[in-house]
Amino acid sequence: VLKRPMPNLMGFQDRPASVADALHAQRFLMVTKFGMSPEEACKYTEHSWRHALITAARQMPTPVSAPEQNEIGHWVENSSMPRNYDAVASSTGCS
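Note that the structure is predicted; figures quoted are calculated from it, not measured.

Engineer: Describe helix H1 (residues 19-32), listing the residues and the values that go with them.
Structural biologist: When the terminal C-alpha atoms of H1 are compared, their 20 Å separation across 14 residues agrees well with the 20 Å that a helix rising 1.5 Å per residue should span. Elements in contact with the buried residues of H1: strand E1 (3-5), helix H2 (38-41) and helix H3 (48-59). Put simply, Ser18 is the residue that caps the front of H1, since its side-chain oxygen is 3.3 Å from the backbone nitrogen of Ala20.

Engineer: Explain the side chain of Thr55 to me, and be specific about the residues and the numbers.
Structural biologist: Looking at the element boundaries, Thr55 is found in helix H3. On the basis of relative accessible area, Thr55 is assigned to the buried category, the value being 15%. Excluding anything up to four places from it in sequence, Thr55 contacts Tyr85, Asp86, Ala87 and Val88.

Engineer: How would you sum up unusual backbone geometry? Please name residues and give values.
Structural biologist: Positive phi values are uncommon outside glycine, yet His74 reaches one of about 60°. For Asn78, which is not glycine, the phi torsion reads 60° and is therefore positive. Inspection of the secondary structure assignment puts Asn78 in the loop between helix H4 (66-73) and helix H5 (81-85). Exposure remark for Asn78: the relative accessible area of 69% places this residue in the exposed category.

Engineer: Got a sec to walk through the packing of aromatic side chains? Specific residues and values, please.
Structural biologist: Summed over the entire model, instances satisfying the criterion amount to 1 aromatic pair. Ring geometry for Trp75 and Tyr85: centres 5.0 Å apart, planes at 55°, overall tilted. Note that Trp75 is positioned in the loop between H4 and H5 and Tyr85 in helix H5, a separation of 10 residues in sequence. Across from the ring centre of Tyr85, 5.4 Å away, lies the NZ or CZ of Arg50, which sits over that ring.

Calculation notes
- Residues numbered from 1 in each chain as written.
- Predicted model: local features only at pLDDT ≥ 70, side-chain atom pairs only at ≥ 80, totals over all residues.
- Heavy atoms only, no water.
- Helix = DSSP H or I, 4+ residues; strand = E, 2+ residues; numbered from the N terminus.
- Expected span 1.5 Å × (residues − 1).
- Contact = heavy atoms within 4.5 Å.
- Polar contact = N/O pair within 3.5 Å; in protein donor to acceptor, adjacent residues only side chain to side chain.
- Buried < 20%, exposed > 50% of the residue type's maximum accessible area, 1.4 Å probe, protein only.
- Phe/Tyr/Trp six-rings, centres within 6.5 Å; stacked < 30°, edge-to-face > 60°.
- Lys NZ or Arg CZ within 6 Å of the ring centre and 35° of its normal.

In short, geometric facts, not functional conclusions.
Structure (structure tokens):
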């Protein structure tokens, strides 16, 4: 269990972190470490990582196997969701 950060981000509270805490930490890093504007960082959610991870897994020189892709996305066996979440594959139909 991840602990909830202190409001000043200099330590942790003795209680579990929430989804909102994870989202705030993600946006904080995007602004302070990756140079995004706060407005740009606010366009991203924790759900964005699901797209990024599946796209990377499917676009590697040796793609991650279908069962492993389902495991990454927490989908059922033989799910079509990895194909739907692959940003490259799902955008090729637009060209």
